[in-house]
Amino acid sequence: MFIRNILRVATGFVLALTLSGAAFAQSTILVVDTNKVIQDSLVGQHVARQLETIYTSASSEMKAKRSPLESKAKSLQEQLKTKTSMQEVRSDAALQAQAKALQTDQQKLQVEEYYTANELKITEQKAIGQVSQRIKLIIDQIAQERNADVVLEKSLVIYGGPVDVTDTVISRLNSQMTTVPVTRERLPRKG
């Protein structure tokens, strides 16, 4: 069923191309590799450096919170080794309290790691979003200047001879924007 639908769409597409061949022959189609624009532009490199700093800082924060828990877990394991039976473990109230406290702390750390991961995603999205807005404006300008009918993401083009304007977009972006604020987002914590 799925294959039949794809064949119908492909047949329709070929038919549309055939019937409107003259219109497409006169169309101007541009392509842009937006990943390359972000990766190679000055502002994209700036964002990447800032994000790397933020990621490194967040990783250090998480390591600092994880380290004491790892030490507590090792200490608890050492204490468990001295017990000869499960009955002895169950009857040791102090050991049970330590295990429960460790479990609670580990759960809190998992929640903190979840929040941190989401904060980093939001931080990256906001920074790239600012750059993407400018890229869109530049692409709109280039499309108007070149009387383009269509502008596609380069990776979507399978066949054809569209004009690649990626380098032009990078050049204009570099002249208009070299940095954007990249600030780590903080989500409010519950409880």
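About the cut-offs
Residues numbered from 1 in each chain as written. Predicted model: local features only at pLDDT ≥ 70, side-chain atom pairs only at ≥ 80, totals over all residues. Heavy atoms only, no water. Pairing = 2+ DSSP bridges. Helix = DSSP H or I, 4+ residues; strand = E, 2+ residues; numbered from the N terminus. Buried < 20%, exposed > 50% of the residue type's maximum accessible area, 1.4 Å probe, protein only. Expected span 1.5 Å × (residues − 1). Contact = heavy atoms within 4.5 Å. Axes fitted to C-alpha atoms, helices over the stretch in contact; angles between N-to-C directions. Parallel < 35°, antiparallel > 145°, perpendicular 65-115°, else oblique. Left-handed = near helix turned anticlockwise from the far one by under 90°. Nonpolar A, V, L, I, M, F, W, Y, C, P; charged D, E, K, R; others polar. Arc of directions from axis to C-beta.

Caption draft 1: Highlighting the pairing of strand β1 (residues 29–32). By the bridge criterion, 4 bridges tie β1 to strand β2 (residues 150–153) in an arrangement that is parallel. In the strand pairing of β2, I29 is matched with V150. Relative to strand β3 (residues 163–164), β1 runs parallel, the two sharing 2 bridges. Across the sheet, the residue bridging to V31 is D164, located in β3.

Caption draft 2: Representation of unusual backbone geometry in the model. The backbone phi angle of N147 is positive, close to 50°, even though this residue is not glycine. If you trace the backbone, N147 turns up in the loop between α6 (93–145) and β2. Its relative accessible area of 59% is what places N147 among the exposed residues.

Caption draft 3: Structural context of helix α4 (residues 42–81). The terminal C-alpha atoms of α4, which comprises 40 residues, lie 57 Å apart, in line with the 58 Å expected from a rise of 1.5 Å per residue. Regarding α4, the residues found buried are V43, G44, H46, V47, L51, I54, A58, M62, L69 and L76. Elements in contact with the buried residues of α4: α3 (34–40), α6 and α7 (166–176).

Caption draft 4: How the structure looks around the packing of α6 against α7. Direction vectors running N to C along α6 and α7 enclose 125°, while the axes themselves pass 10 Å from each other. The orientation of α6 relative to α7 falls into the category oblique. Viewed along their axes, α6 and α7 form a crossing whose handedness is right-handed. Every residue of α7 that contacts α6 at V131, R134, I135, I138, I139, Q141, I142 and E145 is listed here: T168, V169, R172, L173 and Q176. Tallied by class, residues from the contact of α6 with α7 come to 7 nonpolar, 3 polar and 3 charged.

Caption draft 5: Spotlight on α7. Within α7, the full set of buried residues consists of T166, V169, I170 and L173. Down the axis of α7, the smallest arc covering the buried residues is 100°, so these residues share one side. With respect to the buried face of α7, the exposed residues turned more than 90 degrees away are D167 and S175. On its buried face, α7 is in contact with β1, α3, α4, α6 and β3.

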